[in-house]
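# Residue-level structural notes
This is what each chain is made of:
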Amino acid sequence: MKRLIPILALLALASCAHQVGGTVHPGAPGFLFGLAQGFIAPVAFVVSLFDHDIAVYAVPNNGAFYNFGFVLGIGGFGLGAHQSRR
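Counting from 1, residues in each chain are numbered in the order their sequence is written. Confidence filtering applies because this is a predicted model: local features only for residues at pLDDT of at least 70, side-chain atom pairs given and counted only at 80 or more, and all residues used for totals across whole chains, interfaces and linings. Derived side-chain values reflect all non-hydrogen atoms in the structure, with water molecules and hydrogen atoms excluded from consideration.

Here we take up the overall build of the protein chain. If you tally the helices and strands in the protein chain, you get four helices and zero strands. Taken over 86 residues, the protein chain has a buried fraction of 20%. In this description, contact between two residues means that some pair of their heavy atoms is separated by no more than 4.5 Å. Relative to all contacts within the protein chain whose residues are 6 or more apart in sequence, the contacts with residues 24 or more apart total 70%. Here the Shrake-Rupley method, with its probe set to 1.4 Å, supplies the accessible areas, and only the displayed protein chains count as covering residues. Of the roughly 7,000 Å² that the protein chain leaves accessible, carbon and sulfur atoms contribute 70%. Numbered from the N terminus, helices here are DSSP runs of H or I no shorter than four residues, and strands are runs of E no shorter than two. Note on exposure labels: buried denotes an accessible area under 20% of the residue type's maximum, exposed denotes more than 50%, and partly exposed covers the range between, all computed with a 1.4 Å probe on protein chains only.

The following block contains the structure:
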């Protein structure tokens, strides 16, 4: 029961999230651009600390397909951190 209350609280807070109007455009960067930006995200983050014209994430984008590509590029659901034991 103690674990259920924080999980329910997080789910309730997550339901308040929404996409800001005007950030999703059909002709904006899509899956492949998101994949490429996911691959270079660590480098882009370091460069963005020194240059304010560089962004890690493209806004506007075309929504779910860009986000999916970005997640796969940055590490793909933990697949990039997998180590095999010998």
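Among the structural elements, Asn 61 can be located in the loop between helix H3 (41-50) and helix H4 (64-74). Take Asn 61: its relative accessible area is 4%, and that puts it in the buried class. Within 3.5 Å is the distance limit for a polar contact, defined as a pair of N or O atoms, with the added protein rule that one can donate a hydrogen and the other accept it, and that residues adjacent in sequence qualify only through two side-chain atoms. A polar atom in the side chain of Asn 61 sits 3.5 Å from the side chain of Tyr 57. Within the structure, Asn 61 has its side chain in polar contact with the backbone oxygen of Ala 58 (distance 2.9 Å).

Glancing now at unusual backbone geometry. Among all residues except glycine, the phi angle is most often negative; among peptide bonds, the trans geometry is most common. Each neighbour pair has its own omega, and for Val 59 with Pro 60 the value is 5°, a cis peptide bond. If you trace the backbone, Pro 60 turns up in the loop between H3 and H4.

Turning to the side chain of Ser 48, a few remarks are in order. Positionally, Ser 48 belongs in helix H3. Since its relative accessible area comes to 17%, Ser 48 is described here as buried. Residues contacting Ser 48, with those up to four places away along its chain left out, are Ile 54 and Val 56.

If you trace the backbone, Ala 44 turns up in helix H3. For the pair Ala 44 and Val 56, spaced 12 residues apart in the sequence, the C-alpha separation amounts to 5.5 Å.

So, about the packing of aromatic side chains. The aromatic pairing rule takes the rings of Phe, Tyr and Trp, using the six-membered ring of Trp, and pairs them if the centres are within 6.5 Å, calling planes under 30 degrees apart stacked, those over 60 edge-to-face and the rest tilted. The tally for this structure, following the rule as stated, stands at four aromatic pairs. Residues Tyr 57 and Phe 70 carry aromatic rings whose centres are separated by 5.3 Å and whose planes lie at 85° to one another, so their mutual orientation is edge-to-face. In this pair, Tyr 57 is assigned in the loop between H3 and H4 and Phe 70 in helix H4, connecting sequence segments 13 residues apart. Exposure remark for Phe 70: the relative accessible area of 11% places this residue in the buried category. Between Tyr 66 and Phe 70, the aromatic rings sit 6.2 Å apart at their centres with planes inclined by 25°, giving stacked as the arrangement. On the criterion of helical spacing, the pair formed by Tyr 66 and Phe 70 is a turn pair, its members being four residues apart in helix H4. Comparing Tyr 66 with Phe 70, the two get one shared label, buried. Ring-pair connections join several aromatic residues into one group, and the members of that group are Tyr 57, Tyr 66 and Phe 70.

Any link to function would need more than the numbers given here.
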